[in-house]
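# Commentary on secondary and tertiary structure
Residue-level listing of the chains:
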Amino acid sequence: MMNLAETIKQSCSQHPHKRLIFDDEVLTYDHLWNTASKIRHALEDLGVKAGDRVAIQLPKCLEFLYIHLANLQLGSISVPLNPTYTRDEIAYFLGDSRAKIFVTDGHHAGFADPESTTFPELQKVINIDLQDSSTASILSFNALLQTQALDKSYPAQQDDIALIIYTSGTTGRSKGAMLSHQNILTNLEALHKLWNHSDQDILLHVLPIFHVHGLLVAFHGALNAGMDIIMRTKFDPIDTLNCIQKNRCSIFMGVPTMYHRLLQVDNPQKFDFSSMRLWISGSAPLLTSTFEQFQQVFGHTVLERYGMSETGMNVSNPLYGVRKPGSVGLPVPGVSVRIVDSKGQDVIPGEVGEVWVKGNNVFKGYWEMPEKTAESFVQEWFKTGDLGYHDTDGYLFLVGRSKDLIISGGMNVYPKEIEALIETIEEIEEAAVIGVPDEDLGEKVIAVVVPKPGRQVNVNAITTLCQNHLAGYKRPKAIYLIDKLPRNTMGKVTKNQLRDKYRIIAQ
Ligand code: MLC
């Protein structure tokens, strides 16, 4: 089996003239790969070696893709980070991953100073905005491009880590899910066959690229198949339909919020989307109503699938055959799925249990967190924390989560992190952060806050605190003050009760 760099290189060699059209910039696969090769050598010149972490906090841009492909070539590890993360969030990720290089833009270069002692292993900040580096340890991206591509060998072994994707922790801090070349390749090949990808396809790419969905399933998937890729920095429903019409796209991948917004477009039939063969949805549950409305309005049946940062894609509705509304489908070839009860015993069809998965797609564990890794597995079975049942045809239906997690617009939000932040305010006794149903985002984050007895709490102070410390998607969309939180006899906050109450109030 080849490693990921060799596989993508092969596709670039077979399809040198295939195009990546990034907003208005057109480049070929050949150019993409060769530019990445230059960056790879520049990284090597900076002392980056296989296994070193290269953290990338950039808005969606070509430079992100070059750096990531350069890492694959060199065997160094990409650590993609959400461009809206704040200084505090970045400090954690740089520290935890022990990144050697931090690639960022003008807005965030000041988040990390390699000359300070905060990040002992950080050697360079690469700033893609600055022509001239302002300190000795900040390099401009253009300086990297001066390097000549030399070595054509790609040293990574199958088992080596290609990517660390941070998933926020249900308790405590975020965990870095380590995905090996083999994990990613196995999934890439399975999806290639399952969805019948070909070099005749044209992908419309509107997703963020710091996640499994946009980076691995969409970008790697398209590149590996030799598709033309139409990449847009941001999702916009009208732009999406325009792009499909203009470029004769055949595949779209999105989160349910995007499908919901496409359905808000006035008279979408005025656009020509006859070239489309596959509309894929994932990262959050697709409402049956959205699935059905999309069928009525667009005349296409969305293909819903289910995956995670730790595993890539586990389950998918079929390309040919029945796509059941409300179901995420059947196991992806090579992935085994079990539904188990609290004793780890398989349940019968129709009975709800926790979803466990096994396969070469399943990650290597959490970066430098052996205990968390051990807790997440039973032998080779990864405990997803999602609850679901199988029907008698083997289709998986997800019904909830055993973990305290909110999915807002396809982004995972962990209440604990926000509660802990809000509780740092002196006047606050405690906070409960919950997700309530939202038409657009699926779920939206709200905070219910209890002031200390006799103390006044200023809601604006909570809002400002969240703005300063949390990426936008995590910030509560509404904050409510109450006297006390509901609890069960064990003293645990009963979030279900809160959700029932605020699902109406927060509309
Ligand atoms: C943006 N905002 C959000 C948000 N995204 N709020 C809650 N939830 C979200 N998901 C806020 C911003 O902070 C900002 O707030 C305001 O909305 C406008 O920002 P924007 O950038 O213009 O937002 P928009 O373009 O509307 O983004 C919505 C979105 C985006 C749905 C297009 O969130 C998105 O691309 N989501 C996809 C996430 C994804 O790729 N997930 C894959 C995970 S991988 P303010 O206050 O500043 O105005 C995975 C595995 C798998 O889960 O199976 O795929």
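You'll find the structure just up there.
This section reports on the structure supplied with the text.

Thresholds applied
Residues numbered from 1 in each chain as written. Predicted model: local features only at pLDDT ≥ 70, side-chain atom pairs only at ≥ 80, totals over all residues. Heavy atoms only, no water. Helix = DSSP H or I, 4+ residues; strand = E, 2+ residues; numbered from the N terminus. Contact = heavy atoms within 4.5 Å. Near = heavy atom within 4 Å. Polar contact = N/O pair within 3.5 Å; in protein donor to acceptor, adjacent residues only side chain to side chain. Areas by Shrake-Rupley, 256 points an atom, 1.4 Å probe, with all protein chains shown as cover. Buried < 20%, exposed > 50% of the residue type's maximum accessible area, 1.4 Å probe, protein only. Salt bridge = Lys/Arg side-chain N within 4 Å of Asp/Glu carboxyl O. Pairing = 2+ DSSP bridges.

### Here we look at the environment of C249
- Its place among the elements puts C249 in the loop between helix 8 (237-247) and strand 12 (251-254).
- Considering only alpha carbons, one finds C249 and P155, 94 residues apart in sequence, at a separation of 35 Å.
- Ignoring sequence-local partners within four residues, the contact set of C249 consists of I202, L204, I230, C243, I244, S275 and M276.

### Here we look at the site of the ligand
- Close contacts around the ligand come from 22 residues, with K234, R261, S283, R305 and S408 the closest.
- Between the ligand and K234 there is a distance of 2.7 Å, counted from an oxygen atom to a side-chain nitrogen or oxygen.
- R305 is positioned such that a nitrogen or oxygen atom in its side chain is 2.7 Å from an oxygen atom of the ligand.
- Compared with its free state, where it exposes 1000 Å², the ligand has 70% of that area covered by protein.

### Some remarks on the side chain of Q57
- Among the structural elements, Q57 can be located in strand 3 (residues 53-57).
- Using a relative accessible area of 0% as the deciding quantity, one classes Q57 as buried.
- Looking at Q57, its side chain comes within polar contact range of the main-chain oxygen of N82, at 3.1 Å.
- Dropping the residues within four chain positions of it, Q57 is found in contact with L81, N82, P83, T84, Y85, I90, F102, V103, T104, D105, H108 and F111.

### Thoughts on unusual backbone geometry
- Residue E368 is not a glycine yet carries a positive backbone phi of 50°.
- Its place among the elements puts E368 in the loop between strand 18 (353-358) and helix 11 (370-376).
- For E368, a relative accessible area of 46% gives the class partly exposed.
- In this structure, Q379 is a non-glycine residue whose phi angle is positive, near 50°.

### Thoughts on the pattern of salt bridges
- Summed over all chains, the structure comprises 23 salt bridges.
- Here D52 and K100 are joined by a salt bridge, their closest N and O atoms 3.0 Å apart. Of this pair, D52 sits in the loop between helix 2 (29-45) and strand 3 while K100 sits in the loop between helix 4 (87-97) and strand 5 (101-104), placing them 48 residues apart in sequence. K100 matches D52 in its accessibility class, with the two residues each being buried.
- Three or more residues are tied together by salt bridges with common partners; here these are E426, E427, K452 and R455.

### Remarks on the sheet that holds strand 14 (residues 303-308)
- Strand order in the open sheet formed by 9 strands is 2-1-11-10-12-13-14-15-16, with mixed pairing between adjacent strands. Single-partner strands in this sheet number two, and they are strand 2 (25-28) and strand 16 (330-331).
- Sheet topology note: the strand 15 (residues 312-316)/strand 16 ladder contains 2 bridges and is antiparallel. The residue bridging S316 from the neighbouring strand is L330, located in strand 16.

Keep in mind these numbers describe shape, not what the thing actually does.
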